[in-house]
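Topology and contacts: notes
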Amino acid sequence: MILPIYTYGAPILRSRTQPVEQNTPELQKLIDDMIQTMHGAEGIGLAAPQVGRSERLFVVDLGPLVEELEAEGEKVPAQPMVFLNAELVRDEGEPTEFEEGCLSIPDIREYVKRPESVTIHYLDRNFEPVEARFEGMLARVVQHEYDHVEGVLFVDRISPFRRRLLRRRLRDMADGKVEAEYPIAGVPA
Ligand code: NI
């Protein structure tokens, strides 16, 4: 089932997520729905707050990018990936800049600086603990989604100058002036 995506200004995007304690059929259904929603919106990552939920959960699927990345020598695990109760262990390397977007902030893309690799601890969808180090595109996406479960959005990480230029568009979005090519929940009052 495709879920509507909450957009910039929705309080849930800023709320703290809660660790998932139990593997239930409802949780597995939520994971499937989030993967379907991400695919439907042609996104490469989606976090629970973006569909109005407070579980510490995000999903990633580099999908069509995998072939290209592997051709460039990046190792990419089987996709999609599910991250439950993720905790940052460390990030490393010179920060690199890359253009990011977000399904919760339609039509805005900005360069964001992030460390080039990240080690995180999480549970996969079978509740198996994993500690993994990601680099390149996967490190980028995982850090963006990890931010979501911490209530942080990529526009928080752009330069004050760029943010000033975006201020009006973001304010309009928070006022409900927002459209997307996928179902959105918008900004509930
Ligand atoms: Ni996002």
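In short, a report on the structure. Being a predicted model, the structure only gives us computed values, none of them experimental.

**Observations concerning the coordination of the nickel ion**
The nickel ion binds to the protein through Cys102 (SG), His144 (NE2) and His148 (NE2); the donor distances cover 2.1 to 2.2 Å. Going along the chain, you hit the donors of the nickel ion in the pattern C-x41-H-x3-H. A residue pair is termed long-range when its members are at least 10 positions apart, and Cys102 in the loop between β5 (96-100) and β6 (110-114) and His144 in helix α3 (residues 136-149) qualify at 42 residues. For Cys102, a relative accessible area of 10% corresponds to the buried category.

**Some words on the packing of aromatic side chains**
Each aromatic ring pair is specified by the distance between its two centres and by the angle formed by the two planes. A full pass over the atoms with the stated rule returns 3 aromatic pairs. Consider the rings of Phe58 and Phe83, whose centres lie 4.6 Å apart with planes at 15 degrees: the pair is stacked. Here the residue Phe58 occupies a position in strand β3 (residues 57-60), and Phe83 occupies one in strand β4 (residues 81-92), the gap between them amounting to 25 residues. With relative accessibility at 0%, the residue Phe83 sits in the buried group. Relative to Tyr122, the ring of Phe83 lies with its centre 4.3 Å away and its plane at 45 degrees, an arrangement referred to as tilted. In this pair, Phe83 sits in strand β4 while Tyr122 sits in strand β7 (residues 117-123), placing the two residues 39 residues apart along the sequence. You'll find Phe83 and Tyr122 in the same group, each marked buried.

**Observations concerning unusual backbone geometry**
Geometrically, the link from Gln79 to Pro80 is a cis peptide bond, its omega value of -5 degrees lying close to zero. Relative to the assigned elements, Pro80 resides in the loop between α2 (65-71) and β4. A positive phi angle is found at Asp107, which is not glycine, with a value near 70 degrees.

**Thoughts on the pairing of β6**
Because side chains alternate across β6, one face comprises the buried residues Glu110, Val112 and Arg114, and the other comprises Tyr111 and Lys113, none of which is buried. Relative to β6, β5 runs antiparallel, the two being bridged by 5 bridges. Among the inter-strand pairings, Glu97 is bridged to a residue of β6, identified as Lys113.

**Observations concerning the side chain of Arg114**
Mapped onto the secondary structure, Arg114 falls in strand β6. Here Arg114 falls in the buried class, since its relative accessible area comes to 3%. At 3.0 Å, the side chain of Arg114 and the side chain of Asp147 are in polar contact. Apart from residues lying up to four places away in sequence, Arg114 is in contact with Glu94, Pro95, Thr96, Glu100, Arg140, Gln143, His144, Asp147, Phe154 and Arg157.

Procedures and definitions
Residues numbered from 1 in each chain as written. Predicted model: local features only at pLDDT ≥ 70, side-chain atom pairs only at ≥ 80, totals over all residues. Heavy atoms only, no water. Donors = N, O, S within 2.8 Å, 3.2 Å for Na, K, Ca; no water. Helix = DSSP H or I, 4+ residues; strand = E, 2+ residues; numbered from the N terminus. Buried < 20%, exposed > 50% of the residue type's maximum accessible area, 1.4 Å probe, protein only. Phe/Tyr/Trp six-rings, centres within 6.5 Å; stacked < 30°, edge-to-face > 60°. Pairing = 2+ DSSP bridges. Polar contact = N/O pair within 3.5 Å; in protein donor to acceptor, adjacent residues only side chain to side chain. Contact = heavy atoms within 4.5 Å.

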